[in-house]
Every structure is written in C-alpha cells, then in structure tokens.
Amino acid sequence: MMRPGIALRDDADFDYALQFKQEVEVLLDGEVDYRGTLVSYSRDLLQVIGGDRYLRRLVEVKTV
C-alpha cells in the first residue's frame, strides 16, 4: 500500500491504486469531493464507485 497523502499523477500510480484497491481522495477546487476506491481511469478521465467521472486535469487525487 502507498503511504497516505501521496498524489497520484502518472498512469503507474493509478495502476497501483487500482490493483491494490488503494483508497483515494479526489479533490475538486481543493475540497474533498470523493473518498473511496477507483473503478477505472483513462488518459483524460477517472471513474469512481457510483459512476461519477472526473477530468484528470481538473482534480487532484491523493492516497488516504
């Protein structure tokens, strides 16, 4: 598991978080908008449980 507070930036970071079901926080405008595991990601989008999608360039993602 990754230590808490690490920002996910590269595809390898997202791969690791998905593979090991690492809990993450998705911050939108500096505020936590989602806390949980990721469902999938692409070059442009993140998808979380519940079906919400985020543009990668507009959010910050950190480990919990």
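The structure we're discussing is the one just above.
Each value, and the rule that gives it
- Residues numbered from 1 in each chain as written.
- Predicted model: local features only at pLDDT ≥ 70, side-chain atom pairs only at ≥ 80, totals over all residues.
- Heavy atoms only, no water.
- Helix = DSSP H or I, 4+ residues; strand = E, 2+ residues; numbered from the N terminus.
- Buried < 20%, exposed > 50% of the residue type's maximum accessible area, 1.4 Å probe, protein only.
- Pairing = 2+ DSSP bridges.
- Axes fitted to C-alpha atoms, helices over the stretch in contact; angles between N-to-C directions.
- Contact = heavy atoms within 4.5 Å.

Student: Any chance you could explain unusual backbone geometry here in plain terms?
Tutor: It is generally the case that most residues other than glycine have a negative phi and that most peptide bonds are trans. The backbone of Lys-21 shows a phi angle near 50 degrees, a positive value even though the residue is not glycine. Note on placement: Lys-21 falls in the loop between α1 (11-19) and β1 (24-28). Phi at Asp-29 is positive, roughly 55 degrees, even though this residue is not glycine. Here Asp-29 shows up in the loop between β1 and β2 (31-36).

Student: What's the story with the environment of Gly-30 in this structure? I'm lost.
Tutor: You can see Gly-30 is positioned in the loop between β1 and β2. For Gly-30, a relative accessible area of 56% puts it in the exposed group. Spatially, the C-alpha atoms of Gly-30 and Glu-60 are 7.8 Å apart, while their sequence positions differ by 30 residues.

Student: For this particular structure, what's the right way to read the sheet that holds strand β6 (residues 59-63)?
Tutor: The antiparallel open sheet is built from three strands, whose spatial order is β2-β1-β6. In this open sheet, the two strands that pair with only one neighbour each are β2 and β6. Taking the axes of each pair of neighbouring strands and ignoring which way they run, one obtains an average angle of 25 degrees across the sheet. Of the pairings in the sheet, the one linking β1 to β2 comprises five bridges and is antiparallel in character. Its bridge partner lying in β2, Leu-28 is registered against Glu-31.

Student: How should the sheet that holds strand β3 (residues 38-41) be read in this particular structure?
Tutor: Sheet strands associate in pairs through backbone hydrogen bonding, adopting either a parallel or an antiparallel arrangement. Spatial ordering of the open sheet is given by β3-β4-β5, a layout of three strands whose pairing is antiparallel. In this open sheet, the two edge strands, each paired with only one partner strand, are β3 and β5 (53-55). For this sheet, the mean angle separating the axes of adjacent strands, direction not counted, is 25 degrees. Here β3 runs beside strand β4 (residues 45-48); their pairing, made up of three bridges, is antiparallel. Each bridged residue has a counterpart across the sheet, and for Ser-40 the counterpart in β4 is Gln-47. Packed on one face of the sheet, α1 meets β3 and β4 and runs near 150 degrees to β3.

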